[in-house]
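Residues per chain are reported as follows:
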2 protein chains.
Amino acid sequence: MDYKHILNEIKPSKEESKEILKTSDKLITYLNEVCKDEGINACASLVGSVAKKTYLSGKSDIDIFISFPLDVDVLQLKETGLYLGYKCSDYFNGKASEHYASHPYVTSQINGFEVDFVPCYEIEDGSQLKSAVDRTILHTKYIKSHLKHNQNEEVLLLKRFMDMTGTYGSEFKVGGFAGYLCELLILKYETFENTLKEASKWRYGHTIDLEGYNTADLFNDPLIVIDPTDMNRNVGAALRLDKMAEFIQSARNYLASNNKKDYFFPVANKFTKDEILDEFQKRGSDVIAVKFNIPDIPLDTLHPQLRKTTESLAEKLNDEDFSVYQSDYWSDEENTAVLFFEMSVSRLNNTKIHYGPKVFVKKGSQNFINKHGIENCYILNDFVVSKIPREFITASDFINYVLTYENISLIKVGKNLLDNIIDSYELLSLDELDLNNESFVTFLDDFLNPNKYLFR
Amino acid sequence: MDYKHILNEIKPSKEESKEILKTSDKLITYLNEVCKDEGINACASLVGSVAKKTYLSGKSDIDIFISFPLDVDVLQLKETGLYLGYKCSDYFNGKASEHYASHPYVTSQINGFEVDFVPCYEIEDGSQLKSAVDRTILHTKYIKSHLKHNQNEEVLLLKRFMDMTGTYGSEFKVGGFAGYLCELLILKYETFENTLKEASKWRYGHTIDLEGYNTADLFNDPLIVIDPTDMNRNVGAALRLDKMAEFIQSARNYLASNNKKDYFFPVANKFTKDEILDEFQKRGSDVIAVKFNIPDIPLDTLHPQLRKTTESLAEKLNDEDFSVYQSDYWSDEENTAVLFFEMSVSRLNNTKIHYGPKVFVKKGSQNFINKHGIENCYILNDFVVSKIPREFITASDFINYVLTYENISLIKVGKNLLDNIIDSYELLSLDELDLNNESFVTFLDDFLNPNKYLFR
């Protein structure tokens, strides 16, 4: 396999690198001068994939961390961090906005780059941790000092491969591999190709412990990669089981493939809009889409809540004797979300059997019969049962019942979604879906082709 | 409760008793004279409910057993038994036919009575048993000698109650209480009413051991009634769990009822023909009836095979993701049977997920993918799965597939039914059912009203 060819496409050009480092240097220099001039005891430094030279071409966010001594009050840290971020952004004519991870931080568009100014504490090791972002500097240092010459190229290949096979990114929307996790895998397995070979043999609970801490027993996760900068942390903790499994399968598919190159480039949709509708109809599947307005909350809050809501509603539909063939959700991450259910069974007869106790439990049987009326009760094997009207004949009936303040507690809804979903939801059928929204069309295409990213 | 009134209706009148005993005596006297005249070493005697005075008015079959010494060859016993049966029938201008229990025997219509002539061995206790019918004489003797004065009336009440609540009769069609079992219950509990009181407290595995044999551990049945004439036999072995449960519930309903008298009389159908069709439609249930010709086999063979076939087909329908709400069978016991399925779900979408191994099982995953084609396989949680076309979209499709010589082994079909069902079955929908057949209409009415016999 000619990886040079791939790297030509995905590795930043000399010009791109130069440009980004020039910008980074200017910003850091400026920030450190401001600190000096204004007597602020803090130090700006470049972290993240730019610092580690493990960023993909065109995907270079500049991460500047402003570290404060451990004895600085957290309120002062936040305030001063924001102050410095805004000041620097203004000075370089950036367009700033405020975000929130564990502290608030400033993001700004400067010189065509997205720059994050993140305040943190200056720590020596994981035990001193005051907030989750603090370890970023340790991670950057560890990777910079351990990644061998040209191994950053192996990281780039791995990141790109994961990105194109749908397993890259630790944000909750994906639940895949973090950049730092990719880098640790290359430290462990040395090359991209060897990483894939080894990953194709992983079992549940596979453990990587670069520093020999022997702390794997602390974790019960599908993949355990002990953080070299913190023996009590599993870098793989956020990796979802399905994403680990997809990476393993993609790796196997890649190793056996004759189209290896294609694994590094995007996959087109399999179906046109019309074909998508045809496909659902061909399958004879009833489709239910629950569309509603989303609240303004961080994406890492939004996505788990959408996922949880979808899964809980699917589970309850199955409990009610409907049968969900597949479910997933989509969101534009700004205004709208759609919980999407493809049904094997969406309509039932309207009577059902409600099981009571065994007839041998005399008191219990009597209570059951008193409750349901002797005229509705009979014996099935040795159970007292009652024929009761089904409350919900169609899956839509059930969803309409649940999505009310009275009954919403039947499912687990993300708490930030609760009001929005009840107040704004509407049920859409197949022909009411908005197929002019490209992102939604891709979602439907992914839904219908769940292996689309796994092999070429 | 005025049981006298009930007994007036169900107990044979003096005239009926006299008539039946007169006929019995004549037959037995004749048979024993023939034996004497022809040097046949055998002895005819009256057995069964007539001998025990526990038969219900109008339901008096005369059971005459012809017992041979234990050293008589079984072929000779069969031959001589038939000879004597036919001879006696002819002498009294009966209309004879041959039947088969454990030996062949002759049944004849004589004087308006149905008379069975059954050859058996003369045994002293269960250990000498050569065939299942041999113990009948022992049972008759035991009951005659143990049933107290007027306790036969308690037996009559119990039999009638069970008959009217659907739990009387040990033939396989019913799976309920044998006459002998009723008699033993009265020996144990003394009165009809006390039997119901005690039965309403029975638990699974309740044991009655009149002779104190302490052999209950030999049995694992819902009701254990050790045969006083054979410590190794459970008289309750043929009682199905559901029939025991129904008896317990009927007993409780009766004891709490203000309409006790009604429990001793037949229940009318709840629905007219039209209402039956309406009811299925109201329920929104799809109905599938599998009608076919039955072979000429004993009813105690036919019914278990029909039951087994119905249950197995229902189970397989559920396995295929259809949902059977209720199933049962009907037969006219001469020409036709109908396996009857009321469906909650009879139609599915046409694709399904076929689970392979977990992705961590490398070799197994690879085999699965090779078999199903990489283009059909994807990851669900940590499983490799394949989307496969559903073979059967409707429950009828599946039944048509199974009821062929190629595929019949997918279900458990009674072996005597196999050819008939494959060669002659047809699937009927609701509007094709024969509602001019009274017995079938009652079956449908029972099916729709499964508690109809349990309470008044």
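Residues numbered from 1 in each chain as written. Chains lettered and ligands numbered in written order. Predicted model: local features only at pLDDT ≥ 70, side-chain atom pairs only at ≥ 80, totals over all residues. Heavy atoms only, no water.

1. Here we look at the overall build of chain A
Tallying secondary structure elements over chain A gives 15 helices and 15 strands in all. Projected onto its principal axes, the C-alpha coordinates of chain A cover approximately 85 × 55 × 50 Å. Counting every position in chain A, which comprises 456 residues, the buried fraction comes to 53%. Of all intrachain contacts in chain A linking residues separated by at least 6 positions in sequence, the fraction that spans at least 24 positions is 65%. Surface summary for chain A: the accessible area is close to 20900 Å², and the carbon and sulfur share equals 46%. Side chains of chain A carry 51 positive and 70 negative charges; the gap between the two charge centres is 5 Å. (Helix = DSSP H or I, 4+ residues; strand = E, 2+ residues; numbered from the N terminus. Buried < 20%, exposed > 50% of the residue type's maximum accessible area, 1.4 Å probe, protein only. Contact = heavy atoms within 4.5 Å. Areas by Shrake-Rupley, 256 points an atom, 1.4 Å probe, with all protein chains shown as cover. Lys, Arg positive; Asp, Glu negative; His and termini not counted. Charge placed at Lys NZ, Arg CZ, Asp CG, Glu CD.)

2. Observations regarding the pattern of salt bridges
Residues and elements named next belong to chain A. The final tally for this structure, using the stated rule, is 43 salt bridges over all chains. Close ionic contact of Lys282 with Glu279 constitutes a salt bridge, the shortest N to O distance being 4.0 Å. Separated by three residues within a single helix, Lys282 and Glu279 lie in helix α10 (residues 273–282), roughly one turn from each other. Residue classification places Lys282 among the exposed residues on the basis of a relative accessible area of 60%. (Salt bridge = Lys/Arg side-chain N within 4 Å of Asp/Glu carboxyl O.)

3. Structural notes on the relation of the copies chain A and chain B
Once chain A has been moved 0.1 Å along the axis and rotated by 180°, it coincides with chain B to within an RMSD of 0.1 Å. In the structure described here, the two chain copies are related by an operation that fits a two-fold rotation axis. No C-alpha of chain A approaches the rotation axis more nearly than that of A:Val345, which lies at 3.7 Å. Both copies present the same face, since 100% of the interface residues in chain A are matched by interface residues at the equivalent positions in chain B. (Least-squares fit on C-alpha atoms with pLDDT ≥ 70 in both.)

4. Brief notes about the interface of chain A and chain B
On the side of chain B, 53 residues touch chain A, which itself brings 53 residues to the contact. Carbon and sulfur atoms supply 60% of the area buried between chain A and chain B, which totals about 4200 Å² over both sides. Linking chain A to chain B there are two salt bridges. For A:Glu279, the salt bridge identified is with B:Lys387, shortest N-O distance 3.9 Å. Linking chain A with chain B are 18 residue pairs in polar contact (both at pLDDT 80 or more), by the criterion used here. It is helix α9 (residues 241–255) of chain A that provides the largest number of residues to the side of chain A that touches chain B, a total of nine residues. (Buried area = accessible area lost by both parts, 1.4 Å probe. Polar contact = N/O pair within 3.5 Å; in protein donor to acceptor, adjacent residues only side chain to side chain.)

5. What to know about the sheet that holds strand β4 (residues 104–110) of chain A
Hydrogen bonding along the main chain pairs the strands of a sheet, whether they run parallel or antiparallel. Residues and elements named next belong to chain A. Spatially, β1-β2-β5-β4-β3 is the arrangement adopted by the five strands of the open sheet, whose pairing is mixed. A single partner strand is all that each edge strand has here, and the edge strands are β1 (43–47) and β3 (95–100). Averaged over all pairs of adjacent strands, the angle between strand axes in this sheet comes to 25°, irrespective of strand direction. The pairing of strand β2 (residues 61–68) with strand β5 (residues 113–121) spans eight bridges and is classified as parallel. By the bridge assignment for β5, Phe68 is matched with Tyr121. On the sheet, helix α2 (residues 14–38) packs against β1, β2, β4 and β5 and is oriented at approximately 165° with respect to β1. (Pairing = 2+ DSSP bridges. Axes fitted to C-alpha atoms, helices over the stretch in contact; angles between N-to-C directions.)

6. Comments concerning the side chain of B:Glu183
Assignment of secondary structure puts B:Glu183 in helix α7 (residues 179–189). Apart from the residues within four sequence positions on either side, B:Glu183 is in contact with B:Lys52, B:Thr54, B:Ile143, B:Leu147, B:Val155 and B:Lys159.

7. Concerning the environment of A:His103
Residues and elements named next belong to chain A. Structurally, the position occupied by His103 is in the loop between β3 and β4. Residue class for His103 comes out buried when judged on its relative accessible area of 5%. Filtering out sequence-adjacent residues up to four positions away, His103 remains in contact with Leu77, Lys78, Pro119, Cys120, Ser131, Val133 and Asp134. Among the polar contacts made by the side chain of His103, one reaches the side chain of Ser131 at a distance of 3.1 Å.

8. A word on the sheet that holds strand β12 (residues 351–358) of chain B
Residue and element names in this part refer to chain B. Spatial ordering of the open sheet is given by β12-β14-β13, a layout of three strands whose pairing is antiparallel. Across the chains shown, the open sheet's two edge strands, defined by having one partner strand only, are β12 and β13 (377–380). Pairwise comparison of adjacent strand axes, ignoring direction, gives a mean angle of 40° for this sheet. Both β12 and strand β14 (residues 383–389) contribute to a ladder of six bridges, which runs antiparallel. Among the inter-strand pairings, Lys358 is bridged to a residue of β14, identified as Phe383.

9. Brief notes about the nonpolar core
A:Phe292, A:Phe341, B:Phe292 and B:Phe341 are the most contacted members of the largest nonpolar core, which totals 64 residues. Setting aside residues up to four positions removed in sequence, A:Phe341 forms contacts with A:Asp286, A:Val287, A:Ile288, A:Val290, A:Thr310, A:Leu313, A:Ala314, A:Leu317, A:Val324, A:Gln326 and A:Ser327. (Core = buried A, V, L, I, M, F, W, Y, C linked by side-chain atoms within 4.5 Å.)

10. A look at the packing of helix α2 (residues 14–38) of chain B against helix α4 (residues 74–91) of chain B
All names here are of chain B. Here α2 crosses α4 at 125°, and the two axes come no closer than 10 Å. Put simply, α2 runs oblique to α4. The chirality of how α2 crosses α4 is right-handed. Along its contact with α2, which presents Leu27, Tyr30, Leu31, Val34, Cys35 and Glu38, the element α4 presents Tyr83, Leu84, Lys87, Cys88 and Tyr91. Of the residues assigned to the contact of α2 with α4, the class counts are nine nonpolar, no polar and two charged. (Parallel < 35°, antiparallel > 145°, perpendicular 65-115°, else oblique. Left-handed = near helix turned anticlockwise from the far one by under 90°. Nonpolar A, V, L, I, M, F, W, Y, C, P; charged D, E, K, R; others polar.)

11. Some thoughts on the packing of helix α11 (residues 299–319) of chain B against helix α13 (residues 395–402) of chain B
Geometry of a packed helix pair, given as the angle between the helix axes and the separation of the axes. Residue and element names in this part refer to chain B. Relative to each other, α11 and α13 sit at 125°, their axes nearing to 11 Å. With respect to α13, the element α11 is oriented oblique. The crossing of α11 and α13 is right-handed. Residues Leu313, Lys316 and Leu317 of α11 pack against Ala395, Phe398, Ile399 and Val402 of α13. A class-by-class count of the residues in the contact of α11 with α13 yields six nonpolar, no polar and one charged.

12. A look at the environment of A:Val384
With respect to the helices and strands, the residue A:Val384 is situated in strand β14 (residues 383–389). In this structure A:Val384 comes out as buried when scored by relative accessible area, which is 1%. Linking A:Val384 and A:Ser89, residues 295 residues apart in sequence, is a C-alpha distance of 73 Å. Those residues in contact with A:Val384 that lie beyond four places of it in its chain are A:His354, A:Tyr355, A:Gly356, A:Pro357, A:Val359, A:Ser365, A:Phe368, A:Ile369, A:Cys377, A:Tyr378, A:Ile379 and B:Gln249.

13. With respect to unusual backbone geometry
Of note, A:Glu190 is a non-glycine position whose phi angle comes to about 75°, a positive value. Within the element layout of this structure, A:Glu190 appears in the loop between α7 (179–189) and α8 (192–199).

14. Some details on helix α6 (residues 151–164) of chain B
Residues and elements named next belong to chain B. Compared with the 20 Å implied by 1.5 Å per residue over 14 residues, the 20 Å span of α6 between its first and last C-alpha is a close match. Counting buried positions along α6 gives 13 out of 14 residues, so the element sits mostly inside the fold. Gly166 occupies a position one or two residues after α6 and carries a positive phi of about 85°. (Expected span 1.5 Å × (residues − 1).)

15. As for the confidence of the model for chain A
Of all residues in chain A, 100% have pLDDT values of 70 or greater, and the mean over the chain is 95. Model confidence for the complex is summarised by a pTM of 0.84, with the ipTM given as 0.88. (pLDDT = per-residue confidence, 0-100.)

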